[in-house]
Amino acid sequence: MGSGTTRLALAVLALLAIWIGVYWSVDPAPLPPPRVTFGEAPPRLNHPPRPGPVAPTGEAAPARPTITQVVPPRFREYTVQPGDTLSRIAERVYGSPRWADAIKRAMPLSRDPNRLRPGSTIRLPEDPTNIQGRLEVVEPPEPAPPPTPSPSAASPK
């Protein structure tokens, strides 16, 4: 084992000596200095002039802010019948089996929503497009007109 280790150490030393010799003995040719040459100037493009600022012609009505509110989802309980699957329940309740995924997303804590036990109750969203809450834009109420002073309060006695 000692002779193998010795051979390996000698081989590593020989490679190190060759690498150092090549590195120090070879003088790379100097690179020529970079040359920068300029050709003809690029042609100027005739762009139309940019329009300046537009002066307001009249007073614009101030924009009323929009208000958004979250419409919370509503659910109802459904008792699973024998032979029910998510697709069958979706078809029976919503009219199309494509809403099975909505039922699945409405039951986040169940382990496997594809294995429904008869007699168990599940949550069905009343609106299958609103499972986690939906933003709805509400028009803000019209601002109340400023109060007008009564004639008796305006004139001193």
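These numbers were taken from a predicted model, which means no experiment stands behind them. (Residues numbered from 1 in each chain as written. Predicted model: local features only at pLDDT ≥ 70, side-chain atom pairs only at ≥ 80, totals over all residues. Heavy atoms only, no water.)

Asker: Go over the overall build of the protein with me, naming the residues and quoting the values.
Answerer: Each helix and strand counted, the protein has 4 helices and 4 strands in total. For the protein, the succession of helices and strands along the chain, N to C, is α-β-β-α-α-β-β-α. Across the 157 residues that make up the protein, the buried fraction comes to 15%. Of all intrachain contacts in the protein linking residues separated by at least 6 positions in sequence, the fraction that spans at least 24 positions is 70%. When the accessible surface of the protein is split by element, carbon and sulfur atoms take 61% of a total near 14,400 Å². (Helix = DSSP H or I, 4+ residues; strand = E, 2+ residues; numbered from the N terminus. Buried < 20%, exposed > 50% of the residue type's maximum accessible area, 1.4 Å probe, protein only. Contact = heavy atoms within 4.5 Å. Areas by Shrake-Rupley, 256 points an atom, 1.4 Å probe, with all protein chains shown as cover.)

Asker: Could you give an account of the nonpolar core, naming the residues involved and the relevant values?
Answerer: Of all hydrophobic cores here, the largest spans 16 residues; its most connected members are I89, I103, L116, I122 and L124. Elements with a minimum of two residues in this core: α2 (86–94), α3 (100–106) and β3 (121–125). Among all residues touching I122, those that are not within four sequence positions of it are R76, E77, Y78, V80, I89, I103, M107 and L116. (Core = buried A, V, L, I, M, F, W, Y, C linked by side-chain atoms within 4.5 Å.)

Asker: How would you summarise the side chain of S96 if you had to cite specific residues and measurements?
Answerer: Note that S96 resides in the loop between α2 and α3. According to the relative accessible area criterion, S96 is buried, its value standing at 18%. The contact partners of S96, leaving out residues within four places of it in the chain, are A90 and E91.

Asker: Please provide a residue-by-residue account of α2, values included.
Answerer: Here α2 has its buried residues at L86, I89, A90 and Y94. Seen end-on, α2 carries its buried residues on one side only, within an arc spanning 100°. Packing partners of the buried residues in α2 comprise β2 (75–79), α3 and β3. Once α2 ends, the next one or two residues include G95, with phi positive near 90°. (Arc of directions from axis to C-beta.)

Asker: Just give me the short version of the environment of L124, but keep the residues and values in it.
Answerer: Note on placement: L124 falls in strand β3. Classification of L124 as buried rests on a relative accessible area of 0%. Linking L124 and K104, residues 20 residues apart in sequence, is a C-alpha distance of 9.1 Å.

Asker: Tell me about a nonpolar patch on the surface, residues and numbers included.
Answerer: On the surface, a cluster of nonpolar side chains totalling about 860 Å² of accessible area is made up of L10, L13, L16, W19, I20, Y23 and W24. When you line up the elements, W19 lands in helix α1 (residues 2–25). (Patch = residues over 30% accessible without salt bridge, like charges linked within 9 Å, V, L, I, M, F, W, Y side chains within 5 Å. Salt bridge = Lys/Arg side-chain N within 4 Å of Asp/Glu carboxyl O.)

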